[in-house]
Amino acid sequence: MAATAYSYVISLFVRSQLAAVAATALVQVLIVALFFVGCMLTNLNAPATQLYAWLNYLYYTMALIAPIVSLFRALMMSVNLYSLVCRGATRADYPGQISIYGGPILYLTLQIVVLVAFLMFWESGRSLEVFGIRSKARRSRTEAELEKGDAAARYNNAELEAAEDDRHLAASNDGLRVSNISKSFGRNKAVDEMTFGILPSEKFALLGPNGAGKSTLISLIRGDLQPDHGQGEVFIANESLMHTPVAAKNQLGVCPQFDAIDAMTLRENLSFYARARGVPDQNHNITELIARLDLALHQHKLVKKLSGGTKRKLSLAIALISNPNVLLLDEPSSGMDPAAKRALWSTLRDVAVGRVLLMTTHSMEEADALCDRAGIMAGKMLALDSVEGLRGRFGDKVYLHLVHKDAPYASNEDTMALRRWVQDKFPGAEVERQTFGGQIRFAVSRGSMGAAGVVGARGQGNDAGRLFRVIEDEKDALGVVDYSIGPATLDQVFLNVVERHNVLEENAEAAKPGAWTLQGLRRRKRE
Ligand SMILES: Nc1ncnc2c1ncn2[C@@H]1O[C@H](COP(=O)(O)OP(=O)(O)OP(=O)(O)O)[C@@H](O)[C@H]1O
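Throughout this document, residue positions are counted from 1 along each chain, in the order its sequence is written. pLDDT decides what is reported in this predicted model: residues at 70 or higher carry local features, side-chain atom pairs at 80 or more are listed and counted, and totals for whole chains, interfaces and linings draw on all residues regardless. Side-chain metrics rest on all non-hydrogen atoms present in the structure, leaving aside hydrogens and water.

Here we come to a nonpolar patch on the surface. Surface patches are drawn from residues lacking salt bridges whose relative accessible area is over 30%; two like charges belong together within 9 Å, two nonpolar side chains (Val, Leu, Ile, Met, Phe, Trp, Tyr) within 5 Å. Where accessible areas are quoted, they stem from the Shrake-Rupley method and a 1.4 Å probe; at the residue level, only the protein chains shown are allowed to cover. We count a salt bridge whenever a side-chain nitrogen from Lys or Arg sits within 4 Å of a carboxyl oxygen from Asp or Glu. Taken together, the side chains of Phe 36, Val 37, Met 40, Leu 41 and Leu 44 define a hydrophobic patch exposed on the protein surface, amounting to about 480 Å² of accessible area. The helix count covers DSSP runs of H or I at least four residues long, the strand count covers runs of E at least two residues long, and both are numbered beginning at the N terminus. Inspection of the secondary structure assignment puts Met 40 in helix α2 (residues 17–45).

In this scheme Phe, Tyr and Trp rings, the latter by its six-membered ring, pair at centre separations within 6.5 Å, and the angle between planes marks the pair as stacked below 30 degrees, edge-to-face above 60, and tilted otherwise. If you walk through the whole model with that rule in mind, you get eleven aromatic pairs. Every member of this aromatic cluster is reached through a ring pair, and the members are Phe 35, Phe 36, Tyr 59, Tyr 60, Phe 72 and Tyr 107. Remark: a charge is flagged as sitting over a ring if the NZ atom of Lys or the CZ atom of Arg is within 6 Å of the ring centre and within 35 degrees of the ring normal. Stacked on the ring of Tyr 60, the Lys or Arg Arg 73 has its end atom at 5.9 Å from the ring centre.

What follows concerns the environment of Leu 348. Position of Leu 348 relative to the elements: it lies in helix α16 (residues 338–351). Note on classification: 1.4 Å probe, protein chains only; a residue is buried when its accessible area is under 20% of the maximum for its type, exposed when over 50%, partly exposed between these limits. For Leu 348, a relative accessible area of 1% puts it in the buried group. Taking the C-alpha atoms as reference points, Leu 348 and Pro 332, 16 residues apart in sequence, are found 9.8 Å from one another. Not counting residues up to four positions away in its chain, the partners in contact with Leu 348 are Leu 316, Leu 329, Leu 357 and Leu 370. By definition in these notes, contact holds between two residues if any of their heavy atoms fall within 4.5 Å.

Every angle, taken between N-to-C directions, lies between 0 and 180 degrees, and every axis is a line fitted to C-alpha atoms, over only the stretch in contact when it is a helix. Between helix α3 (residues 51–62) and helix α4 (residues 67–78), the least distance of the axes is 8 Å, while the angle of their chain directions is 145 degrees. Counted together, Leu 55, Asn 56, Tyr 59 and Met 62 of α3 and Val 69, Ser 70 and Arg 73 of α4 form the full contact between these two elements. Residues of the contact of α3 with α4, tallied by class, amount to four nonpolar, two polar and one charged. Nonpolar residues are Ala, Val, Leu, Ile, Met, Phe, Trp, Tyr, Cys and Pro. Charged residues are Asp, Glu, Lys and Arg, and all others, Gly as well, are polar.

Here the focus is helix α15 (residues 308–320). Because an α-helix completes one turn every 3.6 residues, residues spaced three or four positions apart along the sequence face the same direction. Along its 13 residues, α15 runs 19 Å from first to last C-alpha, staying within 8% of the 18 Å computed at 1.5 Å per residue. Residues of α15 that are buried include every one of Gly 309, Thr 310, Arg 312, Lys 313, Leu 314, Ser 315, Leu 316, Ala 317, Ile 318, Ala 319 and Leu 320, and no others. Packed against the buried residues of α15 are β8 (252–255), α13 (266–276), α14 (282–292), β9 (326–330) and α16. How far a helix is expected to stretch is found by multiplying one less than its residue total by 1.5 Å.

Next up on the list: the environment of Ser 386. Relative to the elements of secondary structure, Ser 386 occurs in strand β12 (residues 380–386). Residue class for Ser 386 comes out partly exposed when judged on its relative accessible area of 28%. Taking C-alpha positions, Ser 386 is 8.6 Å from Gly 375, a pair spaced eleven residues apart along the chain.

This part takes up the sheet that holds strand β5 (residues 203–207). Read from one edge of the open sheet, six strands run β8-β9-β10-β5-β11-β12, paired in mixed fashion. The strands lining the two open edges of the sheet, one partner per strand, are β8 and β12. Sheet twist, expressed as the mean angle between neighbouring strand axes with direction ignored, is 15 degrees. The sheet contact formed by β9 and strand β10 (residues 356–360) spans five bridges and is parallel. Across the sheet, residue Leu 329 finds its bridge partner in β10, namely Met 359. Of the strands in this sheet, β11 (373–378) and β12 touch helix α18 (residues 387–394), which is tilted by about 110 degrees from β12. By definition, two strands form a pair when at least two bridges between them are found by DSSP.

The subject of this paragraph is the pattern of salt bridges. Where side chains of opposite charge bring their charged atoms close, a pairing between them can arise. Taken as a whole and assessed by the stated rule, the structure comprises ten salt bridges. Across the salt bridge formed by Asp 192 and Lys 189, the nearest N and O atoms sit 3.6 Å from each other. A salt bridge links Asp 192 to Lys 380; the shortest N-O distance between them is 3.6 Å. With Asp 192 in strand β4 (residues 188–198) and Lys 380 in strand β12, the pair connects residues that are 188 residues apart, well separated along the chain. Through salt bridges that share partners, Lys 189, Asp 192 and Lys 380 make up one connected network.

So, about the confidence of the model for the protein chain. Predicted confidence across the protein chain gives a mean pLDDT of 79, with 81% of residues reaching 70 or more. Contacts for the low-pLDDT stretch residues 455–461, under 50 throughout, to residues beyond four places or in other chains number eleven contacts. In this model residues 508–516 is a low-confidence stretch, pLDDT under 50, and it forms eleven contacts with partners more than four residues away in sequence or in other chains. In predicted models, pLDDT denotes the confidence assigned by the predictor to each residue on a 0 to 100 scale.

Okay, here's the thing in C-alpha cells:
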C-alpha cells in the first residue's frame, strides 16, 4: 500500500503513465542500490561494537525516502537467522520488536498515513492557502483588486469581448464563470488570461486550432490542473473551484476527449461511476440515462465490443450520471459518423436544458448546429459572441446557389452563360470549380458588392436582401428557376478570426489525413 501511494505521488509530477512507472521503478531501484552499498560499506568499516547501531542509523534515515528500503530490510532480516534471533547476549523472542520487523512495519504504516493524507489533500484540489500559506505572486495582487470585482481591472483581455461578456459574468452565478485564468507549461503559455461566462441552458462552443489550449482550459475548469501562481477564479454553479473545490467539482460532469471507460459492461461502468459519485437511487438513474441516450440494446455488452459512437455516448452518460449543473464536453462527437453525430446533437440539445454546456470541437458544423455562443481561442480568447454575432462581425461573404430551369440536364452553354453572368455581375466572386448540369455555387464578399453595383441596385436593405432583389430582377432572363442565399459559414468566420490574429497551428505538417486543420479549411475556402 505504501508503495502504491508512493507511485501515485510520483505520477503527479510526471507527464504520462509510462513515465510514472519508469520514474517509480528507477527511483526505488536507485534508493535500494544505495542502501545496499551503504550496508556493505558499514559492514566493512564500522567498529564491531557499533555495527548494529550504524546499520540502524542508515536504515532509519534511508527508509524515510522510500518504502522499498523497509521492504528490503525486512527481506534481508528474514534470510539472516543471526539478526533475527540474536540480540547481543540475549535471544529475541518476539519478531514484532522494533529492531526486527517492527521497524519496517512502523515505517510503512506511517508512510501509508502520510502519503494517503497528502493525496487526499491534493485530490481535493485545495491550495496551500488553507494553511495560511500564500504564494508570492498571489500576495502581490492587492486584496482590493480581488474584492472589487472591477471587470476592467481583472479581465484585461484588451481588444476582446470581455466587456460584452460582463452581462454573462454578472448573471452566471448559477452557471460557469471563468475569470482571468492562465496556464503555462514551461515557456509555453497554453491558456492566457481567459475570461468568459456561460449561463444555464446556454450551449457554448470553444473553438481553436490544434494546440490552442482548449483541453488545457477544460482541465483547469475540472481542477485537474492548477492555474499559474494560483491566480484567476472559476465558479461552477456559484461554487469557487479554488476555495470550495469539492463542492464545485460536484456540480461538474465531464466527457473527456478520450473515452475513460473500463473493461466491464456498459451498465456496470455506469453503476461504477454512480457509486463513485455517490448518486442516490442509482438503478433508477442508470435506467433513465440508458433509455434517454438510446443505449438499451448495448447495456449488457462489454465496452470493448462497442462501436466508437456508442463509447462516446457512454462517456456522455458517465458525465451525466450525477445530474450535473455544468457539462464539459471535450470533442464529444469525435470518431462518429454523420448520422450518429446528428443523433448525438439532438440528445445534447435535450440534456442541455437547465444546465451549462461547454464543448470543444473541431467541427464548425457541430458548433453551428448546436451552440448559441462560441469563443475562438488560441491561448487567448480571440473572439467571443453569439454564433450569429460572430457571423455578422467576421463573416465577410454571402453564399449563393443558382439552379437553372433545365438542371440537372442543362446544356454546357446554359451553364457557361450562368457562370459568365456571375463573373460579370460580381467581378470578385469566388465561383466553385464544379459547375455542371446548370447548378452554380459562388461566394460574394461584402466589399465587392459595392464595386459590382449591387448596393445601388435598389439601394435599401441588408446584403442578402439586396442580392435577392438583383437575382429576382434577372432570374427569368437567365433561366434560373431556384436559388438560395446563405450567410457566411462558421468555417469562414473562424478562418477570418485566426488569420486576423496571425495564428499558427501546432504540428500542422503532422496532422492526420482527414483531420480538421487550418490548411484544410483554407483549401476548402479557396475551392
Ligand atoms: N501536460 C503538458 N505538458 C506540457 N505541455 C502541454 C501539456 N498539455 C498541453 N501542453 C501544451 O499546451 C498547448 C495547448 O495544448 P492543448 O492540448 O490544450 O490544445 P488543444 O487546443 O486542446 O489541441 P487539440 O485541438 O489538438 O486537442 C500545446 O502547445 C501543448 O503542447
